[in-house]
Amino acid sequence: NYDATFTPRILTDRGVQFQNRFRYLTKVHSGVVDADYLNDDSLTGESRSYVGVDHTSLFRNRWRGQVEFREVSDNQYFEDLGGSLSTSTITHLNRSLRFDYYTNHLSLFGQVQDYQTIDDAIVAEDEPYRRIPQLLAQGRWPGLWLGSTINLGSEIVKFDRDVGVTGWRFNVAPELSLPLQRPGLFFTPAIAVDYTSYDLDGTEPGQRNNPERVLPIASVDTGMVLERLTNGSGRKRLQTIEPRLLYVHVPFEDQSDLPVFDTITPDLNLVQLFRKNRFLGVDRIADTDQLSVGITSRVLDVATGKELMSGTIGQIRYFN
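Residues numbered from 1 in each chain as written. Predicted model: local features only at pLDDT ≥ 70, side-chain atom pairs only at ≥ 80, totals over all residues. Heavy atoms only, no water.

Caption draft 1: Focus on the pattern of salt bridges. What the rule picks out here adds up to 24 salt bridges. Of the charged contacts in the structure, one is a salt bridge between D41 and R48, with a shortest N-O distance of 3.1 Å. Residue class for D41 comes out buried when judged on its relative accessible area of 0%. Look at R48 and you get buried, because its relative accessible area is 2%. The salt bridge involving R169 is made with E155; its shortest N-O contact spans 2.8 Å. Remark: E155 occurs in strand 9 (residues 149–160) and R169 occurs in strand 10 (residues 166–177); sequence separation between them is 14 residues. The pair formed by R169 and E155 is uniform in burial state, with each residue classed as buried. Each of R14, D41, R48, D74 and D80 takes part in a single network of salt bridges with overlapping partners. (Salt bridge = Lys/Arg side-chain N within 4 Å of Asp/Glu carboxyl O. Buried < 20%, exposed > 50% of the residue type's maximum accessible area, 1.4 Å probe, protein only. Helix = DSSP H or I, 4+ residues; strand = E, 2+ residues; numbered from the N terminus.)

Caption draft 2: Main features of the packing of aromatic side chains. Summed over all chains, the structure comprises 11 aromatic pairs. Geometrically, the ring pair formed by Y77 and F78 is edge-to-face, given 5.6 Å between the ring centres and 90 degrees between the ring planes. F78 matches Y77 in its accessibility class, with the two residues each being buried. An aromatic cluster is defined as three or more aromatic residues linked by ring pairs; in this entry it consists of Y129, F159, Y198 and F261. (Phe/Tyr/Trp six-rings, centres within 6.5 Å; stacked < 30°, edge-to-face > 60°.)

Honestly, that's just the spatial picture; any functional story needs more than this.
What follows is the structure, given as structure tokens:
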């Protein structure tokens, strides 16, 4: 349950790099430790190194701990020594300590997180924030009065950085839905209230230190799953056709006085097609009156359940 690998790597213009990997596995703990070292690079005249740690602990009573740590000696390390395009384009290295806990209805998550920024083109004002700490709690309680379901998401996090606005953000978003399901059919109306407040430091003169936002979110999610058996290459296949509609209404509220700590606008993809907020993160919630329309088809192997092929086409129509 332990092993170590030592790999000398000869770089004719720079010297010999020693790559070391240690792995371990016990009943509670598992992980990988990488340590690479190049003594006295012939081109730069400096010693260069990389350290990476991935550790997981599975405790009793449903608790789990995770450590991820990356560090390089200089910002050009991956460009000079990475050996692939995917590594040479890395801009940040994650360092985090995480704990999470799950029950049938509740999940808890906590972490402290920092980054090493290794792209010289990124100025201090654009570097990611440290989360010290971040605490999240999510709950789901189905089968309540008239078959209703209560979902609850909440977060408190402190964002810290050497420059710019910093501070605490608190968010809570309770949602009440009434899922109606029949074989091959679902219809789920829901209403939620999203509340976000801040306690800020380093704001500009005239800006509030404690802005807040309250927004109602109404939605209706409905769809069908139609399926049929087919024969192909002597094996039974299951083909599905799954149309889906999602209507979302969020009223407008001016959010220009709220900071942007970790919120982005992602590209449109299959996940974004049926999300209720076009932003990823809670610093911004988009006002909208929209209908997402999509249809998915899958082909599965009946004997194994393996998905052999899937395809989706969809569009978001904005009424306002």
